[in-house]
Amino acid sequence: MTRIPLMAGNWKMNKTAAEGAAMVKDLWGRIQSLSGVEAAVCPPMTALHAVAQALQGSKIALGAQDIFWKEKGAYTGLISPLMLKDIGCKYVIVGHSERRGRFGTADASMTPELMTVFGDNDTTVNRKAQAALEHGLRPIICVGETLEERQAGNTDKVISDQLQKALQGLAADGDELVIAYEPVWAIGTGQVCDPTEADRVIAMMREVVKGCLGKETAEKMRLLYGGSVTPENAPAIMEQNAIDGVLVGGASLDAEKFASIVSAANA
Ligand code: 13P
């Protein structure tokens with residue numbers, strides 16, 4: 001089973017519309033000759049329209065960073081699946097640890113009290129993934145353990161638990177769904193997970209997906225690694241058997257760096 005690697009950039013709360021549009025034009029110029037890899041960018045909501053326009057004629061896919069599960073209504077501040085589809089999104093990140101209120105020690109200003117501000121949990125993650133699939137969007141579901149959970153030896157349990165709850169009741173073909181393993185302690189810290197350990201966890205995750213969605217779906221599905229991915233460490237990550245791509249934060253903001261990461265899939 002050959003899975004086309006997905007190299008996705010999560011811009012988080014960075015870039016204006018004009019900055020985003022300029023970046024993706026620069027990026028496409030650098031990666032257009034590559035084949036056998038899919039690149040995607042996930043700009044903030046305010047830049048989606050401008051970036052969608054700038055991506056016309058390119059093969060870079062567009063994704064959003066969050067979604068609400070209702071189609072429309074009195075939900076101030078939220079964005080519906082219909083709206084994301086309308087603007088040209090193919091992917092949507094669901095359940096990023098920052099939206100689950102699971103920040104690592106990298107951001108000490110997020111106190112326990114403030115951490116609940118975005119409010120995602122296993123139930124909302126499941127609903128969001130379901131809504132995305134129902135509207136023809138491909139969810140990139142994120143799971144990951146905190147440093148405390150890893151140190152307590154609970155990594156596999158935490159990850160399989162998050163995964164089973166996220167996938168509950170979903171009906172998806174393997175290429176309609178993406179899962180990212182993003183250890184919370186590796187996000188934005190410069191402390192990348194050892195590639196062989198990321199590979200071990202991701203192989204375990206594929207077994208969990210098999211149990212939830214069946215063998216065929218699990219074998220088709222792309223499982224990504226995210227957390228302090230750089231042009232320097234991307235080749236070692238992409239060399240692993242079980243890893244089908246990366247979800248990149250900081251290094252995806254720079255066209256040159258992200259292009260270099262994308263080309264690691266192609267090497
Ligand atoms: P960094 O690449 O900045 O560590 O962020 C990873 C991430 O959270 C991607 O979703």
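Further remarks concern the overall build of the protein. Counting its secondary structure elements, the protein contains 10 helices and 8 strands. In terms of overall dimensions, the protein is globule-like: its C-alpha atoms have a radius of gyration of 17 Å, near the 18 Å expected for 267 residues. Judged by the C-alpha coordinates and their principal axes, the protein covers about 50 × 45 × 40 Å. Here the protein holds 267 residues, and 54% of them are scored as buried. Within the protein, contacts between residues at least 6 apart in sequence are counted, and of these 72% link residues at least 24 apart. Entry remark: accessible area of the protein is about 12,000 Å², with carbon and sulfur atoms responsible for 50%.

Backbone geometry places K15, a non-glycine residue, at a positive phi of 85°. Of note, K15 is situated in the loop between strand 1 (6–10) and helix 1 (17–31). Accessibility expressed as a relative area gives 22% for K15, which makes it partly exposed.

This part covers the site of the ligand. Residues in close proximity to the ligand total 13 residues, the closest being K12, H96, G188, S228 and G249. Separating an oxygen atom of the ligand from a backbone N or O atom of S228 is a distance of 2.8 Å. Take G249: an N or O atom from its main chain is 2.8 Å from an oxygen atom of the ligand. Here the ligand has 300 Å² of accessible area as a free molecule, and 94% of this is covered by the chains. Here the residues of the shell around the ligand sort into 4 nonpolar, 7 polar and 2 charged.

Attention shifts here to the pattern of salt bridges. For the structure on display, the rule yields 19 salt bridges. Notably, a salt bridge pairs D156 with R200, separated by 2.9 Å at the nearest N-O pair. Here D156, found in helix 6 (residues 155–167), pairs with R200, found in helix 7 (residues 195–213); they are 44 residues apart in sequence, far enough to count as distant. For D156, a relative accessible area of 27% gives the class partly exposed. Judged by its relative accessible area of 38%, R200 falls in the partly exposed class. In this structure, R200 and E197 form a salt bridge, with 2.9 Å as the shortest nitrogen-oxygen distance. A residue pair is termed a helical-turn pair when its members lie 3 or 4 positions apart in one helix, as R200 and E197 do in helix 7 at 3 residues. Note on E197: relative accessible area 18%, which makes it buried. Look at the salt bridges and you will find they share partners, linking E145, R150, D156, E197 and R200 into a network.

Side chains of strand 3 (residues 61–64) alternate between two faces, with A61 and G63 and L62 and A64 buried alike. Looking at chain direction, strand 2 (residues 38–42) and strand 3 are connected through 2 bridges and run parallel. Along strand 3, the bridge assignment pairs A40 with A61. Following the chain from strand 2 across helix 2 (residues 48–54) to the adjacent parallel strand 3, one finds a crossover that is right-handed. Where strand 3 meets strand 4 (residues 91–94), 2 bridges bridge the pair, whose relative direction is parallel. Note that in strand 4 the partner of A64 across the bridge is V92.

Spatial strand order, 1-2-3-4-5-6-7-8: 8 strands in a closed barrel with parallel pairing. Pairs of neighbouring strands in the sheet enclose a mean axial angle of 25°, with direction left out of account. Summarising the sheet, strand 1 and strand 2 pair through 5 bridges and their orientation is parallel. Bridge pairing links M7 to A39 in strand 2.

Cut-off values and rules
- Residues numbered from 1 in each chain as written.
- Predicted model: local features only at pLDDT ≥ 70, side-chain atom pairs only at ≥ 80, totals over all residues.
- Heavy atoms only, no water.
- Helix = DSSP H or I, 4+ residues; strand = E, 2+ residues; numbered from the N terminus.
- Rg over C-alpha atoms; globule rule 2.2 N^0.38 Å.
- Buried < 20%, exposed > 50% of the residue type's maximum accessible area, 1.4 Å probe, protein only.
- Contact = heavy atoms within 4.5 Å.
- Areas by Shrake-Rupley, 256 points an atom, 1.4 Å probe, with all protein chains shown as cover.
- Near = heavy atom within 4 Å.
- Polar contact = N/O pair within 3.5 Å; in protein donor to acceptor, adjacent residues only side chain to side chain.
- Nonpolar A, V, L, I, M, F, W, Y, C, P; charged D, E, K, R; others polar.
- Salt bridge = Lys/Arg side-chain N within 4 Å of Asp/Glu carboxyl O.
- Pairing = 2+ DSSP bridges.
- Right-handed = clockwise from strand over helix to strand, strands pointing away.
- Axes fitted to C-alpha atoms, helices over the stretch in contact; angles between N-to-C directions.

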